[in-house]
Amino acid sequence: MKSWTDRLNTPGINGITPSPRTIADVVEGQPMLVPTARQVDAFIRAIPEGMDMDIRALRMALAIEHSAEVTCPVTIGYHLRTVAEPANEDLERGMALGDIAPFWGVLDASTPTTRKLSFGAASVAAKRKREGLEQ
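Residues numbered from 1 in each chain as written. Predicted model: local features only at pLDDT ≥ 70, side-chain atom pairs only at ≥ 80, totals over all residues. Heavy atoms only, no water.

Student: Describe the overall build of the protein chain, with residues and values.
Tutor: Along its length, the protein chain carries six helices and three strands. When the elements of the protein chain are put in sequence order from the N terminus, they spell out α-β-β-α-α-β-α-α-α. Expected size for 135 residues packed as a compact globule is a radius of gyration near 14 Å; at 15 Å, the protein chain falls within 12% of this value. For the protein chain, the C-alpha atoms occupy an extent of roughly 45 × 35 × 25 Å along the three principal directions. (Helix = DSSP H or I, 4+ residues; strand = E, 2+ residues; numbered from the N terminus. Rg over C-alpha atoms; globule rule 2.2 N^0.38 Å.)

Student: Describe helix α3 (residues 55–65), naming the residues involved and giving the relevant values.
Tutor: Considered for burial, the residues of α3 that qualify are L58, R59, L62 and A63. The buried side chains of α3 occupy one side of the element, clustering within an arc of 130 degrees when seen end-on. Opposite the buried face of α3, by more than 90 degrees, sit the exposed residues R56 and I64. The elements touched by buried residues of α3 are β2 (31–34), α2 (37–45), β3 (70–71) and α4 (73–92). A distance of 3.2 Å separates the backbone nitrogen of R56 from a side-chain oxygen at the start of α3, and that oxygen is part of D54. S67 sits one or two positions beyond α3 and adopts a positive phi of about 60 degrees. (Buried < 20%, exposed > 50% of the residue type's maximum accessible area, 1.4 Å probe, protein only. Arc of directions from axis to C-beta. Contact = heavy atoms within 4.5 Å. Polar contact = N/O pair within 3.5 Å; in protein donor to acceptor, adjacent residues only side chain to side chain.)

Student: I'd love a proper account of the pattern of salt bridges, names of residues and values included.
Tutor: One pass over the structure, following the stated rule, counts eight salt bridges. For the salt bridge of R81 with E85, the shortest nitrogen-to-oxygen distance reads 3.2 Å. Placement of the pair is R81 and E85 together in helix α4, with a separation of four residues, close to one helical turn. Here the residues in one salt-bridge network are D25, R56 and R59, joined through shared partners. (Salt bridge = Lys/Arg side-chain N within 4 Å of Asp/Glu carboxyl O.)

Student: I'd like a description of the side chain of E131, backed by residues and values.
Tutor: The residue E131 is located in the segment after α6 (121–130) in this model. Here E131 is in contact with E49, G50, M51 and W104, once residues within four sequence places are set aside.

Student: Requested: an account of the side chain of Q39, with residues and values cited.
Tutor: With respect to the helices and strands, Q39 occurs in helix α2. Excluding its chain neighbours within four sequence positions, the residues that come into contact with Q39 are N14, L62 and H66.

Student: Help me get a handle on the packing of aromatic side chains, residues and values and all.
Tutor: The description of an aromatic ring pair uses the distance of the two centres, along with the angle that the planes make with each other. With the rule as written, the count across this model stands at two aromatic pairs. Here F103 and W104 contribute two aromatic rings whose centre-to-centre distance is 5.1 Å and whose plane-to-plane angle is 75 degrees, an arrangement assigned as edge-to-face. For F103, a relative accessible area of 1% corresponds to the buried category. Relative accessible area serves as the criterion here: at 2%, W104 is assigned to the buried category. Through a chain of ring-to-ring contacts, the aromatic side chains of F103, W104 and F119 assemble into a single cluster. Sitting above the plane of the W4 ring, R7 keeps its charged end 4.2 Å from the centroid. (Phe/Tyr/Trp six-rings, centres within 6.5 Å; stacked < 30°, edge-to-face > 60°. Lys NZ or Arg CZ within 6 Å of the ring centre and 35° of its normal.)

Student: Outline the environment of M32, listing residues and values.
Tutor: Among the structural elements, M32 can be located in strand β2. Apart from the residues lying within four places of it in its own chain, the contact partners of M32 are G15, I16, T17, S19, P20, V26, A68, V70, T71 and C72.

Student: Describe the layout of surface pockets, and please don't skip the residues or the numbers.
Tutor: Quantified by volume, the largest pocket comes out at close to 210 Å³. Around the largest pocket sit 13 residues that line it, and G77, Y78, P112, T113 and K116 are the ones nearest its centre. Among the secondary structure elements, those contributing two or more residues to the lining of the largest pocket are α3, α4 and α5 (112–116). With six residues, α4 is the largest single contributor of residues to the lining of the largest pocket. A class-by-class count of the residues in the lining of the largest pocket yields seven nonpolar, three polar and three charged. The volume enclosed by the second largest pocket comes to roughly 160 Å³. Along its surface, the second largest pocket is lined by R45, I47, P48, E49, L97, G98, I100, P102, W104, R130 and E131. (1 Å grid on protein atoms, 1.4 Å probe; cavity = no way out; pocket = protein on both sides within 12 Å on 5 of 7 lines; lining within 4 Å. Points joined across faces, edges and corners; volume = space filled by probe spheres on them. Nonpolar A, V, L, I, M, F, W, Y, C, P; charged D, E, K, R; others polar.)

Pasting the structure below:
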(Lines give C-alpha, C1' and ligand atoms only; values in the text may rest on other atoms or scores of the structure.)
Protein backbone atom coordinates (compact mmCIF):
# COMPACT_ATOMS: atom_id res chain seq x y z
CA MET A 1 0.00 0.00 0.00
CA LYS A 2 1.29 3.47 -0.90
CA SER A 3 2.18 5.90 1.85
CA TRP A 4 0.42 9.25 1.95
CA THR A 5 3.60 10.92 0.72
CA ASP A 6 3.70 8.51 -2.24
CA ARG A 7 0.06 9.35 -3.00
CA LEU A 8 0.82 13.07 -2.88
CA ASN A 9 3.76 12.63 -5.24
CA THR A 10 1.99 10.33 -7.70
CA PRO A 11 1.61 12.17 -10.99
CA GLY A 12 -2.07 12.53 -11.59
CA ILE A 13 -4.12 13.23 -14.62
CA ASN A 14 -5.72 16.59 -14.24
CA GLY A 15 -7.75 18.65 -16.56
CA ILE A 16 -11.06 20.20 -17.28
CA THR A 17 -13.90 17.94 -18.30
CA PRO A 18 -17.66 18.38 -18.46
CA SER A 19 -19.18 17.31 -15.15
CA PRO A 20 -20.71 13.86 -15.69
CA ARG A 21 -23.59 14.51 -13.28
CA THR A 22 -25.09 17.01 -10.89
CA ILE A 23 -23.54 16.67 -7.44
CA ALA A 24 -23.24 19.20 -4.60
CA ASP A 25 -23.02 22.62 -6.30
CA VAL A 26 -21.81 21.15 -9.61
CA VAL A 27 -24.30 20.96 -12.47
CA GLU A 28 -24.03 18.26 -15.11
CA GLY A 29 -22.09 19.51 -18.12
CA GLN A 30 -20.28 22.38 -16.38
CA PRO A 31 -16.57 22.68 -17.20
CA MET A 32 -15.09 21.00 -14.10
CA LEU A 33 -11.48 21.00 -12.93
CA VAL A 34 -10.23 17.64 -11.75
CA PRO A 35 -7.03 18.70 -9.94
CA THR A 36 -4.02 16.65 -8.92
CA ALA A 37 -3.03 16.31 -5.28
CA ARG A 38 0.04 18.46 -5.98
CA GLN A 39 -2.14 21.26 -7.38
CA VAL A 40 -4.23 21.22 -4.21
CA ASP A 41 -1.07 21.13 -2.08
CA ALA A 42 0.42 24.12 -3.94
CA PHE A 43 -2.79 26.11 -3.59
CA ILE A 44 -3.01 25.42 0.16
CA ARG A 45 0.64 26.42 0.61
CA ALA A 46 -0.20 29.78 -0.98
CA ILE A 47 -2.84 30.59 1.66
CA PRO A 48 -1.26 33.25 3.90
CA GLU A 49 -0.65 32.41 7.55
CA GLY A 50 -3.55 33.42 9.75
CA MET A 51 -6.06 33.19 6.92
CA ASP A 52 -8.51 30.38 6.38
CA MET A 53 -10.66 29.34 3.46
CA ASP A 54 -13.63 27.00 3.43
CA ILE A 55 -13.67 24.12 0.98
CA ARG A 56 -16.30 25.70 -1.27
CA ALA A 57 -14.15 28.85 -1.62
CA LEU A 58 -11.06 26.71 -2.25
CA ARG A 59 -12.90 24.80 -5.00
CA MET A 60 -14.09 28.02 -6.62
CA ALA A 61 -10.66 29.66 -6.47
CA LEU A 62 -9.00 26.58 -8.00
CA ALA A 63 -11.61 26.50 -10.76
CA ILE A 64 -11.06 30.17 -11.59
CA GLU A 65 -7.27 29.73 -11.50
CA HIS A 66 -7.56 26.94 -14.08
CA SER A 67 -10.29 28.51 -16.24
CA ALA A 68 -13.05 26.12 -15.19
CA GLU A 69 -16.46 26.86 -13.72
CA VAL A 70 -16.23 24.38 -10.83
CA THR A 71 -13.82 21.95 -9.17
CA CYS A 72 -14.73 18.32 -8.55
CA PRO A 73 -16.01 18.04 -4.95
CA VAL A 74 -15.14 14.34 -4.70
CA THR A 75 -11.56 14.81 -5.88
CA ILE A 76 -11.06 17.75 -3.51
CA GLY A 77 -12.20 15.70 -0.52
CA TYR A 78 -9.74 12.96 -1.38
CA HIS A 79 -6.87 15.35 -2.10
CA LEU A 80 -7.36 17.34 1.10
CA ARG A 81 -6.60 14.17 3.00
CA THR A 82 -3.74 13.41 0.61
CA VAL A 83 -2.25 16.82 1.51
CA ALA A 84 -2.92 16.67 5.28
CA GLU A 85 -1.65 13.16 6.03
CA PRO A 86 1.88 13.56 4.61
CA ALA A 87 2.12 17.05 6.16
CA ASN A 88 1.40 15.48 9.54
CA GLU A 89 3.96 12.73 8.84
CA ASP A 90 6.52 15.46 8.08
CA LEU A 91 5.73 17.12 11.42
CA GLU A 92 6.21 13.82 13.22
CA ARG A 93 9.63 13.49 11.54
CA GLY A 94 10.60 16.89 12.94
CA MET A 95 9.87 19.23 10.05
CA ALA A 96 8.92 22.76 11.10
CA LEU A 97 5.25 23.75 11.01
CA GLY A 98 6.08 26.58 8.60
CA ASP A 99 7.56 24.11 6.09
CA ILE A 100 4.46 21.98 5.55
CA ALA A 101 1.19 22.63 3.74
CA PRO A 102 -1.06 24.50 6.22
CA PHE A 103 -4.05 22.20 5.72
CA TRP A 104 -5.66 23.51 8.92
CA GLY A 105 -6.41 26.70 6.99
CA VAL A 106 -8.98 24.68 5.02
CA LEU A 107 -9.93 21.86 7.36
CA ASP A 108 -11.67 22.38 10.68
CA ALA A 109 -13.51 20.20 13.18
CA SER A 110 -16.72 20.26 11.13
CA THR A 111 -15.14 19.30 7.80
CA PRO A 112 -16.03 15.70 6.86
CA THR A 113 -12.44 15.03 5.74
CA THR A 114 -11.17 15.90 9.23
CA ARG A 115 -13.01 12.92 10.73
CA LYS A 116 -11.03 10.61 8.42
CA LEU A 117 -7.57 11.91 9.36
CA SER A 118 -5.34 9.46 11.21
CA PHE A 119 -4.21 12.15 13.65
CA GLY A 120 -7.66 13.45 14.58
CA ALA A 121 -9.62 16.66 14.79
CA ALA A 122 -7.94 17.80 18.03
CA SER A 123 -4.65 18.23 16.19
CA VAL A 124 -6.35 20.32 13.50
CA ALA A 125 -8.12 22.42 16.16
CA ALA A 126 -4.82 23.07 17.96
CA LYS A 127 -3.16 24.29 14.77
CA ARG A 128 -6.14 26.51 13.96
CA LYS A 129 -6.05 27.99 17.48
CA ARG A 130 -2.29 28.62 17.18
CA GLU A 131 -2.99 30.78 14.11
CA GLY A 132 -5.99 32.51 15.63
CA LEU A 133 -8.47 30.84 13.29
CA GLU A 134 -12.03 30.04 14.33
CA GLN A 135 -12.57 26.50 15.49
